[in-house]
Amino acid sequence: MGCAQAVAVLPGLSRSGSTIATGLLCGVKRDEVTKFSFLMVLIPVLGEAFLNLIGGDFSSSAIEALPLLIGFAAAFASGLVACRLMIAIVRKARLTWFAAYCLVAGLLCIIFN
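The rules behind each value
- Residues numbered from 1 in each chain as written.
- Predicted model: local features only at pLDDT ≥ 70, side-chain atom pairs only at ≥ 80, totals over all residues.
- Heavy atoms only, no water.
- 1 Å grid on protein atoms, 1.4 Å probe; cavity = no way out; pocket = protein on both sides within 12 Å on 5 of 7 lines; lining within 4 Å.
- Points joined across faces, edges and corners; volume = space filled by probe spheres on them.
- Helix = DSSP H or I, 4+ residues; strand = E, 2+ residues; numbered from the N terminus.
- Nonpolar A, V, L, I, M, F, W, Y, C, P; charged D, E, K, R; others polar.

This part is about the layout of surface pockets. Of the volumes computed, that of the largest pocket is approximately 400 Å³. The wall of the largest pocket is formed by 14 residues, among which Phe38, Gly79, Leu80, Cys83 and Arg84 lie closest to the centre. Counting residues per element, the lining of the largest pocket draws most heavily on helix α5 (residues 65-92), which supplies nine residues. Looking at the lining of the largest pocket residue by residue, the class counts come to 10 nonpolar, one polar and three charged. Taken as a whole, the second largest pocket holds about 270 Å³ of empty space. As for the second largest pocket, its lining consists of 15 residues, of which Gly12, Leu13, Ser14, Ala99 and Cys102 are closest to the centre. Elements supplying a minimum of two residues to the lining of the second largest pocket: α2 (15-25) and α6 (96-111). Tallying contributions element by element places α6 first for the lining of the second largest pocket, with seven residues.

What follows is the structure, encoded as structure tokens:
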């Protein structure tokens, strides 16, 4: 699943879709692989935040603390809702249409870039 996450940087590949598909191909239960896939996103997100922190990118922000906290809270709440919604969708639906969408989107990105 980690290799699938690494390959998902290619155009048209969904990080969560590729890790979920890989987990399912390895025989992991759908509920477990979906939750784990959404937890896996913490690694690149926290890694990028750490690189920004040691690179000094956070210190150049002119945004005050209160708007940052409000933005963080809104992003956190909407992220939780989105994760719960996506987990419910993955539990019930097949991912064939999502795979077709990713294929078309990826091809369009490659063609027009």
